[in-house]
Amino acid sequence: MIQASPQPGDIGLTQISGTVGRLIRFGQWLNGNGFADYQHAFLVLPGDRLIEAEPGGARIVPLDSYAGADVVYVCPPGLTDADRDRICTASSVYEGVPYSFLDYLAIATHRLKLPVPGLRRYVAATGHMICSQLVDQCYQDGGVHLFDDGRWPGYVTPLALYDQLAD
């Protein structure tokens, strides 16, 4: 469900320009998402803040860091205030978690059904995350599962979040 204005627990989806954005678009393409307009996801926190996975590690920054950017805010229908509180509280343990571009390759390897030992464990590991994995993990830790399609934990891209929640 698209939100008109961001609330704690909402997911922000936006574009990334430059080389990093092109690499993420390619990673999403490898994962069957095509060359979509959303390459970055973050979780809105109370106090006009957000948490996002970045190459230097997950960080909490002011929400106005994206002022003027084209951001769509989504959340699952029926998300309660208690759900939002649990999701946001769960996010605090992920500040500083390293980013992993390799997760895009690992997710694509799974999609292509290449037999790689330990792949599921690698994708699900919370010692490294891409932005969409961080958001999905915060939701899971808060007791809200965004996907019920049998996907592996951590097997999520920014566009998968948009496709799942933007209706």
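Residues numbered from 1 in each chain as written. Predicted model: local features only at pLDDT ≥ 70, side-chain atom pairs only at ≥ 80, totals over all residues. Heavy atoms only, no water.

**With respect to the overall build of the protein chain**
Okay, step 1: Along its length, the protein chain carries six helices and six strands.
Okay, step 2: When the helices and strands of the protein chain are read in sequence order from the N terminus, they spell out β-β-α-β-β-β-β-α-α-α-α-α.
Okay, step 3: Here the protein chain has roughly 8,000 Å² of accessible surface; of this, 54% comes from carbon and sulfur atoms. (Helix = DSSP H or I, 4+ residues; strand = E, 2+ residues; numbered from the N terminus. Areas by Shrake-Rupley, 256 points an atom, 1.4 Å probe, with all protein chains shown as cover.)

**As for the sheet that holds strand β4 (residues 49-52)**
Okay, step 1: Spatially, β1-β6-β2-β3-β4-β5 is the arrangement adopted by the six strands of the open sheet, whose pairing is antiparallel. The sheet is open, and its two edges are formed by β1 (2-3) and β5 (59-62), each paired on a single side.
Okay, step 2: Judged from the two bridges that link them, β1 and strand β6 (residues 71-74) form a sheet pairing that is antiparallel. Of the residues in β6, the one forming a bridge with Gln3 is Tyr73. (Pairing = 2+ DSSP bridges.)

**Things to note about the nonpolar core**
A general feature of soluble globular proteins is that nonpolar side chains tend to end up buried together.
Okay, step 1: Core analysis: the largest hydrophobic core is formed by 33 residues, its most contacted members being Ile11, Leu13, Leu43, Leu134, Tyr139, Leu146 and Leu161.
Okay, step 2: Those elements that provide at least two residues to this core are β2 (11-14), β3 (40-45), β6, α2 (81-91), α5 (131-141) and α6 (158-165).
Okay, step 3: Looking at this core element by element, the count peaks at five residues for α5.
Okay, step 4: In contact with Leu13, not counting residues within four places along its chain, are Tyr38, His40, Ala41, Asp70, Val71, Val72, Val74, Pro158, Leu161 and Tyr162.
Okay, step 5: Counting eight residues, the second-largest nonpolar core is a separate cluster that includes Phe42, Val44, Val61 and Val71. (Core = buried A, V, L, I, M, F, W, Y, C linked by side-chain atoms within 4.5 Å. Buried < 20%, exposed > 50% of the residue type's maximum accessible area, 1.4 Å probe, protein only. Contact = heavy atoms within 4.5 Å.)

**Some points on the environment of Ile87**
Okay, step 1: If you trace the backbone, Ile87 turns up in helix α2.
Okay, step 2: Taking the relative accessible area as the measure of exposure, Ile87 reaches 0% and is therefore buried.
Okay, step 3: Taking the C-alpha atoms as reference, Ile87 lies 8.8 Å from Pro8; in sequence the two are 79 residues apart.
Okay, step 4: In contact with Ile87, not counting residues within four places along its chain, are Leu43, Leu79, Cys138, Tyr139, Gly142 and Val144.

**Considerations on the pattern of salt bridges**
A side chain with one charge can pair with a side chain of the opposite charge if their charged atoms come near.
Okay, step 1: Tallying each qualifying case throughout the model produces four salt bridges.
Okay, step 2: Of the charged contacts, one joins Arg86 and Asp83 as a salt bridge, the two residues approaching to 2.4 Å between their closest N and O atoms. Here Arg86 and its partner Asp83 are both found in helix α2, three residues apart, which amounts to about one turn of the helix.
Okay, step 3: For Arg86, a relative accessible area of 39% gives the class partly exposed.
Okay, step 4: Ionic pairing is found between Arg151 and Asp149, a salt bridge with its closest N-O pair at 2.8 Å.
Okay, step 5: For Arg151, a relative accessible area of 27% gives the class partly exposed. (Salt bridge = Lys/Arg side-chain N within 4 Å of Asp/Glu carboxyl O.)

**Observations regarding the environment of Ile130**
Okay, step 1: Relative to the elements of secondary structure, Ile130 occurs in the loop between α4 (119-124) and α5.
Okay, step 2: Residues Ile130 and Ala58 lie 72 residues apart in sequence; the distance between their C-alpha atoms is 9.0 Å.

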